[in-house]
Amino acid sequence: MTLYNAILLLIALCSSMPGGITAPHSPKPGNAQPDSAYIMAYTPNPGRSRSPLCFSWSTDLATWHQVGSGHGFLYSDYGRWGSQKRMINPALMLDDSGMWHCVWDLNETDNIFAHASSPDLVLWNRQTYLGKEEQDHFLLKFGKLQKNDRNIFRVPWKTVEGLINAWKVAAYNQQLYAEQAKDDAVRFAGLKPVGARLTTDDRSVRKISSLLTGIFFEDINYAADGGLYAELVQNRGFEYDPADREGNDKTWNSTKAWTLNGGKNLVIDTVNPVHVNNKHYIVLNGNDILVNEGFDGIAVKTGEKYDFSFFAQSIVRGRIIAELIDDGNSVAGSTEIVVNSKNWKKYSSVITAGKTVNNASLRITVSSRILLDHISLFPQNTFMKRKNGLRADLARSIADMRPRFVRFPGGCVAHGDGLENMYRWKNTIGPPESRVPQRNIWGYHQTAGLGYFEYFQFCEDIGAEPLPVVPAGVPCQNSANHGHRFGGQQCGIPMEEMDEYVQEVLDLIEWANGDKNTTWGRKRAEAGHPAPFNLKYLGIGNEDLITDVFEERFTMIFNAVKARHPEITIIGTVGPFSEGTDYREGWQLADKLDIEIVDEHYYQPPAWFIYNQDFYDKYDRGKARVYLGEYAAHLPGRPNNLETALAEALYLTTIERNGDVVSMASYAPLLAKENHTQWNPDLIYFNNTEVKPTTGYYVQKLFGENPGDEYISSTLDISTNNEKARSRIAGSVVRDTKTGDIIVKLVNMLPAGVKTSLDSGSLPSDGRVHKTVMTGNPADISVLPAETIISRAEASEITLPPYSLTILRFPGQ
Ligand code: AHR
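A few points on the structure. Residue positions are given per chain, counting from 1 as you read along its sequence in written order. Only residues with pLDDT of 70 or above have their local features reported here, since the model is predicted, and side-chain atom pairs are shown and tallied only from 80 upward, although totals for entire chains, interfaces and linings are computed over all residues. To obtain the side-chain values, all non-hydrogen atoms of the structure were used and water was disregarded.

Digging into the overall build of the protein chain
Thought 1: Think of it this way: any DSSP run of H or I at least four residues long counts as a helix, any run of E at least two long counts as a strand, and we number them from the N terminus. The helix and strand inventory of the protein chain stands at 16 helices and 43 strands.
Thought 2: Our radius of gyration is a C-alpha quantity, and the globule rule it is checked against amounts to 2.2 Å times the number of residues to the power 0.38. Taken against the 2.2 N^0.38 rule, which gives 28 Å for 813 residues, the C-alpha radius of gyration of the protein chain at 29 Å falls within 12% of a compact globule.
Thought 3: C-alpha atoms of the protein chain, sized along the principal axes, occupy 100 × 75 × 55 Å.
Thought 4: When burial is assessed residue by residue, the protein chain has 60% of its 813 residues classed as buried.
Thought 5: Within the protein chain, contacts between residues separated by at least 24 positions form 72% of all contacts whose residues are at least 6 apart in sequence.
Thought 6: Across the protein chain, 81 positive and 95 negative side-chain charges occur, with their mean positions spaced 3 Å apart. Here the term buried applies to any residue with accessible area under 20% of the maximum for its type, exposed to any over 50%, and partly exposed to those in between, with areas from a 1.4 Å probe on protein chains only. Between two residues, a contact is recorded if the distance between any of their heavy atoms is within 4.5 Å. Counting rule for charge: Lys and Arg are taken as positive, Asp and Glu as negative, and neither His nor the chain ends is counted. Where a charge sits is defined by one atom per residue type, namely NZ (Lys), CZ (Arg), CG (Asp) or CD (Glu).

Quick look at the structure:
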């Protein structure tokens, strides 16, 4: 549907609005503008999720004109996407100082109202949610409020004009950002051949961040259990819980992934667990056969060794046979263990796979009555051979990107969707059987087997800075109330518990960096890492709603960490979008607290990236620096293809240019297991046997392999005045001061090649040049980089192929 059609449809849908509302309208040029007019505020679908506050205007109270056919100026942010975020009975008010206020009800059950204020009806300040009994008292603090039962006010014409202009800008941008490469043939039909000239200026060089590209790791899409975490047994501790899926899956319980004697009921007990944090275990009788299906099967390779372990308790001496079986029931490897302990005891053995099976099961046969728990099967060949480690091929594909930092554990997983669901780092360290499993916010189970120790260890193994993100004392903007009166972010950690929570954050720093004689440093040492992990960065909060509840808690944590650990760089958060209330309020808070870095997030269409190349050029260098913690180009259908990858590459050249203000950037999300994907696109797809890096992955990898720590000013003269064409060509020049190499990156998102000459300015005058090119059709989903070596002379005149990223690496002299 075109934007025009969409607007027409909306007009048609809204034509039943009260007061005889008509199509969008503003006084025609030449017509005198009125001094004032009436505005009316309304929500088109009261109570429906995301039905916003809209405006109409009138000069005579008889004929009403909608601003943008139901263009939304204010959206309720309370509770869950989909079912909540509702606006019921919005009431607009004006205070003595000229500030507008809107209050509205949120749902029929909680007896809560919301409030937001705005100086101009266009930009709205943070939202507050309070009990209805507090409404009058709360509103009194704004002085005398003008109200009107029909939400109609007489306002200066400039107020109406502000609304109309805001809608026009939004509509214009919507159309612009909807541009896709599939229409380029038409869009650029008359375009004459385009040429470019890159001129570098070595006299104008600035330092840029040496941490620019890193990774965002979140346990989404089965990225951890069943993914990067190499455990092959699913539900090893019998801790799957119907609540993991909010009761919506009848098969999801402590027996998930297990079968007994081909279908008998499993007996799960909780009376005397191995560890209080993992209450469930299984009770087996003599000759019982228990089978685990793994995560979509268990993939084993011929000749490889697998550590098999479990906890057991048995009154009599018994025997356990563990076998890897293929789907024809033939055995691919086995081990036998004698069990003789009346108390819980850990047993371990090794199974060597005699053949490669992609879809094996683990079959366990017991000789007598026995209790079993934490049944685990781990490849010995984990990444860097770590115990309790990571799947080697997946970890390698991440390491190959040369990430300078790893952010973990999310994303939304970091703050969870309710107080009980926050990711608490202490729950994720220590022996795996003692860790606290929990519901994963993305609708599955999280064992915490991949916990803070493993994250830090991985960072060290790949030479990346660890960047943990702790909750800011509030859960996700998508939270339900989970039994608390105030849902959404308003169920922040109670203030009387905040000191304890702040201490938990401080303890993390001690755990990571403290001497092995400190309380928490000792725990790290006991886990096998006596030396500090050298934590430098700490994220507080993840794209939270910036509310009073958030600010109060964030400030407490921020101040405590700053006071105790000035050496730690804190990264604040400025909401989930590149504009809007949380972005503005988050930045204001950053200014107020003097936060060093803030975490920005935005998922946008490719054309947004094309047309916002100056996003960071405009940033005030005196303010906080930026960690672009989550970004990706999204097309309808959410593919990861050459078009999205090139939009990201093009934008990354602008990030290099602004590497003085942008400290770090990470594409999100990173991993996705086929058939278990809640979010697309991702950077690396995988199944049990294959790793499938995307086109976007190769862009990130090329930037990771070709970083610089100095930006060399350059000018790209493009031979066309066609602005749309000009916006589709971009480049950057950086120098790696360690090697002296100069790297030129050029992106061409036009459907035609661009002949490009490179001046000799700062570039070495001879030698060989490494040239890497990614090119293809915009819709291609598997484009690989191709590398060649060319002479310096050849590098002076190159053609950027249609839809391409070209990287030229000039070795230092
Ligand atoms: O990257 C996927 C999700 O997007 C993250 O969990 C969240 O922070 C963002 O909304």
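Describing the site of the ligand
Thought 1: Every residue close to the ligand is listed here: Phe-216, Glu-218, Gly-411, Cys-412, Trp-442, Asn-542, Glu-543, Tyr-603, Glu-630, Pro-669 and Trp-679.
Thought 2: Interatomic distance of 2.5 Å between a side-chain N/O atom of Glu-218 and an oxygen atom of the ligand.
Thought 3: A distance of 2.6 Å separates an oxygen atom of the ligand from a polar atom in the side chain of Glu-543.
Thought 4: Notes on the ligand: free accessible area 280 Å², of which the protein chains cover 94%. Only a single heavy atom is needed: when it lies within 4 Å of a molecule or strand, its residue is near that molecule or strand. What qualifies as a polar contact is a pair of N or O atoms within 3.5 Å, subject to a donor-acceptor requirement within protein and to the restriction that residues adjacent in sequence count only when both atoms come from side chains. Accessible areas in this description were obtained via Shrake-Rupley with a 1.4 Å probe; residue shielding takes into account the shown protein chains only.

Looking at the nonpolar core
Thought 1: Residues belong to a common nonpolar core when they are buried Ala, Val, Leu, Ile, Met, Phe, Trp, Tyr or Cys residues joined through side-chain atoms within 4.5 Å. If you look at the biggest cluster of nonpolar residues, it comprises 125 residues, and the most contacted ones within it are Phe-217, Tyr-452, Trp-511, Tyr-616, Leu-671 and Leu-805.
Thought 2: Beyond its immediate chain neighbours, meaning those up to four positions away, Leu-805 contacts Leu-646, Ala-649, Val-699, Leu-702, Phe-703, Leu-746, Val-747, Thr-772, Val-773 and Met-774.
Thought 3: Core analysis: the next-biggest nonpolar cluster, separate from the first, contains 33 residues, Trp-258, Ile-298, Val-339 and Ile-364 among them.

Some thoughts on helix α10 (residues 548-564)
Thought 1: Expected helix span is taken as 1.5 Å per residue step, with the number of steps being one fewer than the number of residues. Compared with an ideal rise of 1.5 Å per residue, which puts 17 residues at 24 Å, α10 spans 24 Å between its outermost C-alpha atoms and is within 8% of the ideal.
Thought 2: All of the buried residues along α10 are Val-549, Phe-550, Glu-551, Arg-553, Phe-554, Thr-555, Ile-557, Phe-558, Ala-560 and Val-561.
Thought 3: Where α10 is buried, its residues meet α8 (495-513), β28 (537-540), β29 (569-573) and α11 (581-593).

Thoughts on the packing of helix α7 (residues 452-462) against α8
Each pair of packed helices gets described by two things: the angle between the helix axes and the distance between those axes.
Thought 1: Under this scheme, a helix contributes an axis fitted over its contacting stretch, all axes are lines through C-alpha atoms, and angles between N-to-C directions fall in the 0 to 180 degree range. Where α7 contacts α8, the axes come no closer than 12 Å and their chain directions differ by 50°. When the interaxial angle is binned, α7 and α8 end up oblique. Considering how the two elements wind past one another, α7 and α8 form a crossing that is right-handed. From α7, Tyr-452, Phe-453 and Phe-456 reach across to α8, where they touch Leu-508, Trp-511 and Ala-512.
Thought 2: Amino acids are sorted into nonpolar (Ala, Val, Leu, Ile, Met, Phe, Trp, Tyr, Cys and Pro), charged (Asp, Glu, Lys and Arg) and polar (every other residue, Gly among them). Among the residues forming the contact of α7 with α8, the class breakdown is six nonpolar, no polar and no charged. In these notes the angle categories are as follows: under 35 degrees is roughly parallel, over 145 is roughly antiparallel, 65 to 115 is roughly perpendicular, and the rest is oblique. The handedness criterion is simple: a crossing whose near helix is rotated anticlockwise from the far helix by less than a right angle is left-handed, and one whose near helix is rotated clockwise is right-handed.

A look at the sheet that holds strand β34 (residues 684-686)
Thought 1: Note on pairing: DSSP must find at least two bridges between two strands before they are called paired. Overall, mixed pairing links the three strands, which are arranged β33-β34-β35 in an open sheet. With one partner strand each, in any of the chains shown, β33 (671-673) and β35 (691-693) form the two edges of the open sheet. Across the sheet, the axes of successive neighbouring strands diverge by a mean angle of 25°, strand direction being ignored.
Thought 2: Pairing between β34 and β35: three bridges, direction antiparallel.

Considerations on unusual backbone geometry
Thought 1: Look at the link from Phe-408 to Pro-409: it is a cis peptide, with omega at 0°.
Thought 2: Within the secondary structure, Pro-409 is located in the loop between β24 (405-408) and α6 (412-415).
Thought 3: The step from Gly-410 to Gly-411 runs through a cis peptide bond, and the omega angle for that step is 20°.
Thought 4: Although it is not a glycine, Arg-50 sits at a positive phi angle of roughly 65°.
Thought 5: Assignment of secondary structure puts Arg-50 in the loop between β2 (36-42) and β3 (54-58).
Thought 6: If you check the backbone angles, Leu-61 has positive phi at about 65° while not being a glycine.

A word on the pattern of salt bridges
Thought 1: Note on definitions: salt bridges are taken to be side-chain nitrogens of Lys or Arg within 4 Å of carboxyl oxygens of Asp or Glu. Going through the model one piece at a time under the given rule, you end up with 48 salt bridges.
Thought 2: Asp-184 is paired through a salt bridge with Arg-187; the nearest N and O atoms lie 2.4 Å apart. Taken as a pair, Asp-184 and Arg-187 lie in helix α4 (residues 184-187) at a separation of three residues, close to a single helical turn.
Thought 3: Look at Asp-184 and you get buried, because its relative accessible area is 1%.
Thought 4: Across the pair Asp-326 and Lys-355 runs a salt bridge whose closest N-O atoms are separated by 2.8 Å. Linking Asp-326 in the loop between β19 (318-325) and β20 (331-339) with Lys-355 in the loop between β21 (345-352) and β22 (357-366), this pair joins segments that are 29 residues apart in sequence.
Thought 5: By sharing partners, the salt bridges in this structure join Arg-126, Asp-548, Glu-551, Glu-585 and Lys-592 into a single network.

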